[in-house]
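Fold and geometry: a report
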Amino acid sequence: MTNKIDFHMHSTVSDGTMTPAELARHAAAAGISAAAITDHDTTAGVGEFLAACADLGIEGVAGVEISADHEKRMHILGLFVDYENADFASALSALADSRGERNRRMLELCREHNLDISEEDLLCQKDGAKMSNVGRPHFANAMVKKGYVKDKNEAFDKYLKRGKPCYTKRLAYSPKKCIDMIHAAGGLAVLAHPISISRERDELFAVLSELKSLGLDGAEAYYSEYTKDFSDMCMSLCGEIGLLPSGGSDFHGANKPNIPIGIVNGGEAVPRAFAENMKRRLDYIESLK
């Protein structure tokens, strides 16, 4: 067993370019010993992923990445969740329905801004695509293909980022609702990429402390976009506040080609100890029931 994990990865079920089974095979080939699939607002790919991991002899972890309603860009990972929990599945289904409605409204906004993007332009990009499981990266790809922008970065900067003309909000739960539903499904709630909230220690301390008071279990202290110094700061904050450190690449395959699986902090790996600490926490929680 290698001392290397990745607890933040996406498949074609949301906005990645590998199927759940392909994602598992890619993780195994990269020497990952424990891997979590964390598609956006859905666990539809978890069963396929876990089965593939079992066949490959690596530890598969059921996960999800939930967008929280917050003034900052806030995503909360659910790790080790019971993905067959009915209430959990229902809450995620409402988010998927909202994503489909948001995507149709964004198509209208594109047309209003003389961008001829259709549903088919989005759905043709991956097998099993539906309006409820495509997102802004697929809009960006369509804009590039049709020559409206030179690359995906320009698509986001000009049209798709929050506040830009083709962006619209969708349903998102409060941070407390996200944390509570993850706990009700037997999982741990972990703040994804705190760097997207702030790079300042004091501001992150305040946000993490508030989330801890709401029941947050951990935070990503290792991540593909971190420097070693930022990672060290996150580790320090986790220790000070009492949060479990986690880590992952945020791998999306060809949709984020500069992010390899299993690589964080500019070249490091996420240590296996993070996974073991999480499992000990879950065992302790179970012992209290």
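Located above this text is the structure these notes cover.
Let us look at the structure shown here. Sequence order as written defines the numbering, with residues in each chain counted from 1. Residues qualify for local features only when their pLDDT is at least 70, as the model is predicted, and side-chain atom pairs are given and counted only at 80 or more; totals for whole chains, interfaces and linings, by contrast, use all residues. Note: side-chain values were computed over all heavy atoms of the structure, leaving out hydrogens and water.

This next bit is on the overall build of the chain. A tally of helices and strands in the chain yields 10 helices and 7 strands. Taking the principal axes of its C-alpha atoms as reference, the chain extends roughly 55 × 45 × 40 Å. To measure how exposed things are, a 1.4 Å probe is used in the Shrake-Rupley method; for residues, cover is taken only from the protein chains shown. Accessible area of the chain: about 12,500 Å², with a carbon and sulfur share of 49%. For the charge count, each Lys or Arg is scored as positive and each Asp or Glu as negative, with His and the chain ends excluded. The location of each charge is read from NZ of Lys, CZ of Arg, CG of Asp or CD of Glu. Each charge sign in the chain was given a centre, from 34 positive and 42 negative side chains, and these centres are 3 Å apart. Put simply, DSSP marks the helices as runs of H or I at least four residues long and the strands as runs of E at least two long, and each gets a number from the N terminus on.

Each patch is built from residues lacking any salt bridge and having more than 30% relative accessible area; the joining distance is 9 Å for like charges and 5 Å for nonpolar side chains (Val, Leu, Ile, Met, Phe, Trp, Tyr). The salt bridge definition used is simple: a Lys or Arg side-chain nitrogen within 4 Å of an Asp or Glu carboxyl oxygen. A cluster of nonpolar side chains, Tyr 284, Ile 285 and Leu 288, forms an exposed patch at the surface whose accessible area comes to about 320 Å². Relative to the helices and strands, Leu 288 is located in the segment after helix H10 (272-287). In this scheme, a residue with accessible area under 20% of its type's maximum is buried, one over 50% is exposed, and one in between is partly exposed, where area comes from a 1.4 Å probe on protein chains only. The exposed category is assigned to Leu 288, whose relative accessible area is 59%.

Here, nonpolar core refers to any group of buried Ala, Val, Leu, Ile, Met, Phe, Trp, Tyr and Cys residues whose side-chain atoms link them within 4.5 Å. By size, the foremost hydrophobic cluster in this structure holds 72 residues, and its most contacted members are Phe 7, Ile 66, Ile 76, Phe 88 and Leu 191. The contact criterion used throughout is that any non-hydrogen atoms of two residues lie within 4.5 Å. Apart from residues lying up to four places away in sequence, Ile 76 is in contact with Val 64, Glu 65, Ile 66, Ala 68, Pro 175, Cys 178, Ile 179, Ile 182, Ala 189, Val 190, Leu 191 and Ala 192.

Attention now moves to the environment of Thr 168. Turning to its location among the elements, Thr 168 is positioned in the loop between helix H6 (152-160) and helix H7 (175-184). When the C-alpha atoms of Thr 168 and Cys 234 are compared, they prove to be 31 Å apart, with 66 residues separating the residues in sequence. Not counting chain neighbours up to four residues away, the residues in contact with Thr 168 comprise Arg 102, Arg 105, Met 106 and Leu 109.

This part takes up the pattern of salt bridges. Per the stated rule, a full pass over the model turns up 18 salt bridges. Residues Arg 105 and Glu 112 are paired through a salt bridge, measuring 3.5 Å at the closest nitrogen-oxygen approach. Between Lys 161 and Asp 157 there is a salt bridge whose closest N-O contact spans 2.8 Å. Residue classification places Lys 161 among the partly exposed positions, given a relative accessible area of 40%. Judged by its relative accessible area of 41%, Asp 157 is partly exposed. Ionic contacts of the salt-bridge type, sharing partners, join the residues Glu 59, Arg 272, Glu 276 and Lys 279 into one network.

A word on the sheet that holds strand S4 (residues 74-79). Taking strand neighbours across the sheet as the criterion, the 7 strands line up as S1-S2-S3-S4-S5-S6-S7 in an open arrangement whose pairing is mixed. If you trace the sheet from one side to the other, it starts and ends with strand S1 (5-9) and strand S7 (244-248), each paired once. Averaged over all pairs of adjacent strands, the angle between strand axes in this sheet comes to 30 degrees, irrespective of strand direction. A pair of strands counts as paired when DSSP detects no fewer than two bridges linking them. Where strand S3 (residues 59-68) and S4 come together, 6 bridges link them in antiparallel fashion. Within S4, the residue paired with Ile 66 across the bridge is Ile 76. Here, axes are lines fitted to C-alpha atoms. For helices the fit covers the stretch in contact, and angles between N-to-C directions go from 0 to 180 degrees. Docked against the sheet, helix H9 (residues 228-241) engages strand S6 (218-223) and S7, running at close to 160 degrees with respect to S6.

Another point: unusual backbone geometry. Glycine aside, negative phi is the norm for most residues, and most peptide bonds take the trans geometry. Of note in the backbone geometry, Asn 114 takes a positive phi value of approximately 60 degrees without being a glycine. Along the chain, Asn 114 turns up in the loop between helix H3 (86-112) and helix H4 (119-123). In this structure Asn 114 comes out as exposed when scored by relative accessible area, which is 67%. You will see that Asn 265, though not glycine, has its phi angle at about 55 degrees, which is positive. Summarising the element assignment, Asn 265 is placed in the loop between S7 and H10. Exposure remark for Asn 265: the relative accessible area of 7% places this residue in the buried category.

So, on to the packing of helix H1 (residues 20-29) against helix H2 (residues 46-56). Running from N to C, H1 and H2 point in directions that differ by 35 degrees, and their axes come no closer than 8 Å. As for how H1 packs across H2, the hand of that crossing is right-handed. Contacts between H1 and H2 involve Pro 20, Ala 21, Leu 23, Ala 24, Arg 25 and Ala 28 from the former and Glu 48, Phe 49, Ala 52, Cys 53 and Leu 56 from the latter. Residues belonging to the contact of H1 with H2 are distributed by class as follows: 9 nonpolar, no polar and 2 charged. For a crossing to be left-handed, the near helix must be turned anticlockwise from the far one by less than a right angle; the clockwise case is right-handed. When residues are sorted by character, Ala, Val, Leu, Ile, Met, Phe, Trp, Tyr, Cys and Pro go into the nonpolar class, Asp, Glu, Lys and Arg into the charged class, and all the rest, Gly among them, into the polar class.

Of the positions making up H2, those classed as buried are Val 46, Phe 49, Ala 52 and Cys 53. For H2, the angular spread of the buried residues around the axis is 135 degrees, confining them to a single face. When the buried face of H2 is taken as reference, the exposed residues oriented beyond 90 degrees from it are Ala 54 and Asp 55. Against the buried residues of H2 lie S1, H1, strand S2 (34-37) and S3. Within this analysis, the arc is defined by the directions that extend from the helix axis to the C-beta atoms.

Coordinates in, geometry out; function isn't part of it.
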